[in-house]
Amino acid sequence: MAKLVVEILDASDLMPKDGQGSASPFVEVDFDKKQPLRTQTKHKDLNPVWNEKLVFDIDNPRDLPNRTIDVVVYNDHKGGHHKNFLGRVRISGASLPPSESEAAVQRYPLDKRGLFSHIKGDIALRVYPVLDGCSNSFAAAPKENGVESAESCEHDEGEVYEKKTRKKKEKEVRTFHSIPTAAAAPPPVFPGFGGNYQVREKPVAVEQRTDFARAGPAVPMQMQIPRQNPEFGLVETRPPVAARMGYRGVDKTASTYDLVEQMHYLYVNVVKARNLPVMDISGSLDPYVEVKLGNYKGVTKHLEKNQNPVWNQIFAFSKERLQSNLIEITVKDKDIGKDDTVGKVVFDLSEVPVRVPPDSPLAPQWYKLEDKKGMKMQGEVMLAVWMGTQADECFPEARHSDAYSVSHESLAHTRSKVYFSPKLYYLRVNIIEAQDLVPWEKGRGGVNAFAKIQLGNQVKVTKPFPSRSLNAIWNEEFMFVASEPFEDFIMITIEDRVAQGKDETLGRIIIRVKDVPHRLDHGKLPDPRWFNLFMPHFGEGGAEKKKEIKFASKIHLCLCLEAGYHVLDESTHFSSDLQPSAKLLKKPSIGRLEVGILSARNLLPMKGKDGGTTDAYCVAKYGNKWIRTRTLLDSLAPKWNEQNTWEVYDPCTVITIGVFDNCQISGSKDDSRDQRIGKVRIRLSTLEADRIYTHYYPLLVLSPSGLKKHGELQLALRFTCTAWVNMVAQYGRPLLPKMHYVQPISVLHMDGLRHQAMQIVAQRLARAEPPLRREVVEYMLDVDYHMWSLRRSKANFFRIMSLLSGITAVCKLYNDICNWRNPVTTCLVHVLFLILVCYPELILPTVFFYLFVIGVWNYRYRPRHPPHMDARLSQAEFAHPDELMEEFDTFPTTQPSEFVRVRYDRLRHVAGRVQTVAGDLATQGERAQAILSWRDPRATAIFIIFSLICAVFIYVTPFPFVAVIVGLYLLRHPRFRHKMPSVPVNFFKRLPSNSDILL
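Residues numbered from 1 in each chain as written. Predicted model: local features only at pLDDT ≥ 70, side-chain atom pairs only at ≥ 80, totals over all residues. Heavy atoms only, no water.

Caption draft 1: Examining the overall build of the protein more closely. For the protein, the helix and strand inventory stands at 14 helices and 41 strands. Considering the protein as a whole, with its 999 residues, one finds that 42% of them fall into the buried category. Within the protein, counting contacts between residues at least 6 apart in sequence, those at least 24 apart form 70% of the total. When the accessible surface of the protein is totalled, it reaches about 55,800 Å², and 56% of it is carbon and sulfur. (Helix = DSSP H or I, 4+ residues; strand = E, 2+ residues; numbered from the N terminus. Buried < 20%, exposed > 50% of the residue type's maximum accessible area, 1.4 Å probe, protein only. Contact = heavy atoms within 4.5 Å. Areas by Shrake-Rupley, 256 points an atom, 1.4 Å probe, with all protein chains shown as cover.)

Caption draft 2: The arrangement of the sheet that holds strand β36 (residues 625–628) in detail. The sheet built from five strands is open, its strands ordered β23-β36-β35-β38-β39 with antiparallel pairing. Edge positions in the sheet fall to β23 (417–420) and β39 (675–683), since each has one partner strand and no second. Between one strand and the next, the sheet's axes are offset by a mean angle of 15 degrees, whatever the strand orientation. In this sheet, β36 lies alongside β23 in antiparallel orientation, the contact comprising four bridges. In the sheet register, Tyr419 faces β36, and the bridge partner there is Trp626. (Pairing = 2+ DSSP bridges. Axes fitted to C-alpha atoms, helices over the stretch in contact; angles between N-to-C directions.)

Caption draft 3: Local environment of a nonpolar patch on the surface. Together, Ile843, Leu844, Val847, Phe848, Tyr850 and Leu851 make up an exposed nonpolar region whose accessible area comes to about 610 Å². Note that Leu844 resides in helix α9 (residues 843–858). (Patch = residues over 30% accessible without salt bridge, like charges linked within 9 Å, V, L, I, M, F, W, Y side chains within 5 Å. Salt bridge = Lys/Arg side-chain N within 4 Å of Asp/Glu carboxyl O.)

Caption draft 4: Structural view of the sheet that holds strand β41 (residues 706–721). Spatial ordering of the open sheet is given by β13-β40-β41-β34-β37, a layout of five strands whose pairing is antiparallel. The open sheet is flanked by β13 (235–236) and β37 (639–648), the only strands paired with a single partner. Relative to β41, strand β40 (residues 692–703) runs antiparallel, the two sharing twelve bridges. Note on β41: the bridge partner recorded for Leu702 is Leu707.

Caption draft 5: Spotlight on the packing of aromatic side chains. A complete count under the given rule lists 14 aromatic pairs for this structure. Taking 5.4 Å as the distance between ring centres and 55 degrees as the angle between the ring planes, the aromatic pair formed by Tyr425 and Phe486 counts as tilted. Pair noted here: Tyr425 is in strand β24 (residues 424–435) and Phe486 is in the loop between β28 (472–483) and β29 (489–499), with a separation of 61 residues, a long-range link. Residue Phe486 is classed as buried on the basis of its relative accessible area, which comes to 10%. Each residue in the set Tyr265, Tyr267, Trp386 and Phe395 is aromatic and connected to the rest through ring pairs, giving one cluster. Above the plane of the ring of Tyr696 lies Arg601, whose end atom (NZ or CZ) is 3.8 Å from the centre. (Phe/Tyr/Trp six-rings, centres within 6.5 Å; stacked < 30°, edge-to-face > 60°. Lys NZ or Arg CZ within 6 Å of the ring centre and 35° of its normal.)

Caption draft 6: Representation of the pairing of strand β21 (residues 376–389) within the structure. Counted residue by residue, β21 has eleven buried out of 14 residues, so it is predominantly covered. Once strand β20 (residues 365–370) ends, the chain turns through five residues before running back antiparallel as β21, passing Gly374 with a positive phi of about 85 degrees.

Caption draft 7: Inspection of the confidence of the model for the protein at higher detail. Predicted confidence across the protein gives a mean pLDDT of 82, with 86% of residues reaching 70 or more. Per-residue pLDDT stays below 50 along residues 248–254; that stretch engages in seven contacts with residues further than four places along the chain or on separate chains. (pLDDT = per-residue confidence, 0-100.)

Caption draft 8: Just the side chain of Ser318, in detail. If you trace the backbone, Ser318 turns up in strand β17 (residues 310–318). Given a relative accessible area of 12%, Ser318 falls into the buried group.

Caption draft 9: View of helix α7 (residues 790–818). With 29 residues, α7 should reach 42 Å at 1.5 Å per residue; the first-to-last C-alpha distance of 41 Å fits that figure. Listed in full, the buried residues belonging to α7 are Leu790, Arg791, Ser793, Lys794, Ala795, Phe798, Ser805, Ala809, Asp816, Ile817 and Cys818. Remark: Trp820 follows α7 within two positions and exhibits a positive phi of approximately 55 degrees. (Expected span 1.5 Å × (residues − 1).)

Caption draft 10: Region of the structure containing the packing of helix α8 (residues 823–838) against helix α13 (residues 959–970). For the pair α8 and α13, the least separation of the axes is 10 Å and the interaxial angle reads 160 degrees. Of the possible angle classes, the one that applies to α8 and α13 is roughly antiparallel. As for how α8 packs across α13, the hand of that crossing is right-handed. Facing α8, whose interface residues are His830, Phe833, Leu834 and Val837, α13 presents Pro960, Ala963, Val964, Gly967 and Leu968. (Parallel < 35°, antiparallel > 145°, perpendicular 65-115°, else oblique. Left-handed = near helix turned anticlockwise from the far one by under 90°.)

Caption draft 11: Spotlight on the pairing of strand β4 (residues 49–58). Alternating residues of β4 divide into Trp50, Glu52, Leu54, Phe56 and Ile58, all buried, and Val49, Asn51, Lys53, Val55 and Asp57, none buried. Across eight bridges, strand β1 (residues 2–12) lies against β4 in antiparallel orientation. The residue bridging Asp10 from the neighbouring strand is Val49, located in β4.

Caption draft 12: How the structure looks around the pattern of salt bridges. Per the stated rule, a full pass over the model turns up 47 salt bridges. With a shortest N-O distance of 2.7 Å, Arg428 and Glu477 are connected by a salt bridge. Of this pair, Arg428 sits in strand β24 while Glu477 sits in strand β28, and the two are 49 residues apart along the sequence. Classification of Glu477 as partly exposed rests on a relative accessible area of 41%. For Glu778, the salt bridge identified is with Arg774, shortest N-O distance 3.8 Å. Here Glu778 pairs with Arg774, and both are found in helix α6 (residues 774–781), just four residues apart, close to one helical turn. Through salt bridges with shared partners, a single ionic network connects Arg428, Glu477, Arg519 and Glu562.

Caption draft 13: Layout of unusual backbone geometry. Residue Pro485 is bonded to the preceding Glu484 through a cis peptide linkage, with omega at 10 degrees. Omega for the peptide link from Glu769 to Pro770 comes to 0 degrees, which places this bond in the cis form. Within the secondary structure layout, Pro770 lies in the loop between α5 (747–765) and α6. Positive phi outside glycine occurs at Lys305, with the angle close to 50 degrees.

Caption draft 14: How the structure looks around the environment of Glu328. Along the chain, Glu328 falls in strand β18 (residues 326–333). Of the residues examined, Glu328 reaches a relative accessible area of 31% and is grouped as partly exposed. Spatially, the C-alpha atom of Glu328 lies 8.0 Å from that of Glu290, the residues being 38 residues apart in sequence. When neighbours within four sequence positions are excluded, Glu328 is seen to be in contact with Glu290, Val291, Lys292, Val345 and Val346.

Next comes the structure, spelled out in structure tokens:
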């Protein structure tokens, strides 16, 4: 007898159903309405693996194309006594391969049971028939008339199967046909918004069914989006941090570092020495101290000719790497050959005291130096040795044992630091007019003057004002970005355009930014002032000539520092600070954000190809506060365990955490750039208050060669709300300060100001010690976020299509109700419609109560994890190489003309499709305008007469009666419907538009 084999391999990303963020799934398969078979239950597993075969008997192999295989995934709720629906797949027998050898593993996205089902995930299946006693394998193919046929066996050769007519309508079954992989190479394709487009015939079948958008029920037109690689997902962890353990076994004094694992260090503070003996014949001593613990050692700087040196250096040795029970602190004399030993001090680690913050620092003591035989000798050294943790205040400045090979000059680049962005202001400059301008050419009766305003690297120019007199009027306003402590100067130069490419300076004025008045709100601007223009003098005696000037040209200016705006240095979509510049206008904080940067794993070697190393450090930015962890050298699995805290003023903000490879510790290469390993962005409004989130976040970097995963970063986050009333009220307040809405800045100017603010922040942080390099700041602030990218455009297109899928789902539900797909649902809708018509006061309460019920129902399926970088949503995982080459190209481009020509042709194709869609939208709008514009006099006359009849009919007829008639007509039974378009649709499509008068 013929058999049907259903191989159930695995499932992924299932919906949690047990109320604890997990599920216990099993699969139930039903074929031909027989006794269903099921797999084993996988307890507490959202990505189960079964690898089981279920075998069914096939009574009539020729009838297989008309059969349906139902695969349903359930959650075993109470040991088999109750089950929850997790999704289903329906496979038609017509889509099965002819034999086992041609059967391939296919992943099917799980379908919903109804409109309000919350289903996600997919399942991997391998389904094929095994036909005994047949010389030819079974094969089925759909024909044009919709009748399916099958090849018969040898003993049934010539027999034709006729499909029986059924009065009862069967349920709709979606069929998926599969074909083997073709051997021939596909033709070249061009990536576009809808996927890859090329000149080819329409394919009859697809190789496998891919995942689609999971929001909403199945719709007639689905977007085929590949499922995200599981490696790019989030991994929840439970590290042994004090906050999770409830301080069991952990000192409560370490509660300030309760989001990270405690790391114990041996600290050695080498302060100074005195009365050291002379070791050289010349009578001099160049002392330094060597701290040695097993194979690890640390060395201080050597001080020339000093018998009472002062070092003030701290060394830290990780307790995990302690290789000896003794620590030797040796004072040596720097010499040309072998360094001489002055004396040493030895400590037993078992006798070293333990310091626990917030204890005061351990006081250093004087210790007598000993020679090699242990005898006391001349000279003393002041030391402090203790055991502590990373919470010790000496931790950031200590020289760690893994950085003993780093030079003293490069050591600063490995330490952890806290930075603050400069406070930024918008500077408004209004150039009103200039009078009594004196041209260089005597006897010239007029000028063609323009003003050039410069603040640092920012330069703006007014339009030339041709005048027959010696006066010029511009009345133009410009915005600049200024930063505290206002060390810059505003230079305004008036120039005369004598000829093309030839300008002459007519005068100049320099104003200090600190002298410009502040403006806190949208009130009156400061009064304009007249300033003298001075001629630039060169050579000696310029100052004396400047004092002798009794007549000067005048310029009329209005200057002010706008303190009521927030200067954007990030994109508004993921900004971390929305406070105004003025301290008086800032709101009180609503909470506190604590971030523990624990560790990283599986980092790729960034230096060298085979056997390379990575010197990783992290940078976190929220508000104006930047933190930088210390650099861990030569480690692909670094453990930082550093915790930092930020004050939160707005919950709708984003924290950014990036990981970089330090390329500055080798020394003297100022042009070497720190390489990016990846970054994570987390929106605070997605975090529950007082909950601890500990996860491994994937570090994804998009490069011209494609998307790469450089490792995973483990973070611990906790958002604590300290003012619930203020936080709830924050959701009703505007996102930006008041000035952005009262006197808004145009989008074009805002982009330019944002770029200038980014440059100022990068320049200021690069002046710190150690500097936070420009490439790090630009990567954290996403400087190139607004540059053109076809990949981002495709991602935004699919985001819009995902939003429209909800509207499509509602339209499909309405269509199902009108076509009586589910008679019970349709009858209930009719009853609800009649109730709302009879009692219209229940419409709004019903709508809001329905929204309340949906929100409460969705609470069970709320996100359990914070968001992270989504490679599938970003269209980055399967991006075309040419798209990435274009995205990372310079501006202007440096690629050969052949590549630019291909990009231009592709852009024309994409723009042509967008142009067609825009034209269709314009056509529909113009048809709506043409209804009453008498462009088509007959159509307008028909419409206004019909409107008059409707007005009279509705006036004399009660409104509920009219509403019932219209509603029942729209919900009429399919027996009273026909497939031709309705009269209103035909009338609307016949209206004229402007598309026929376009050239």
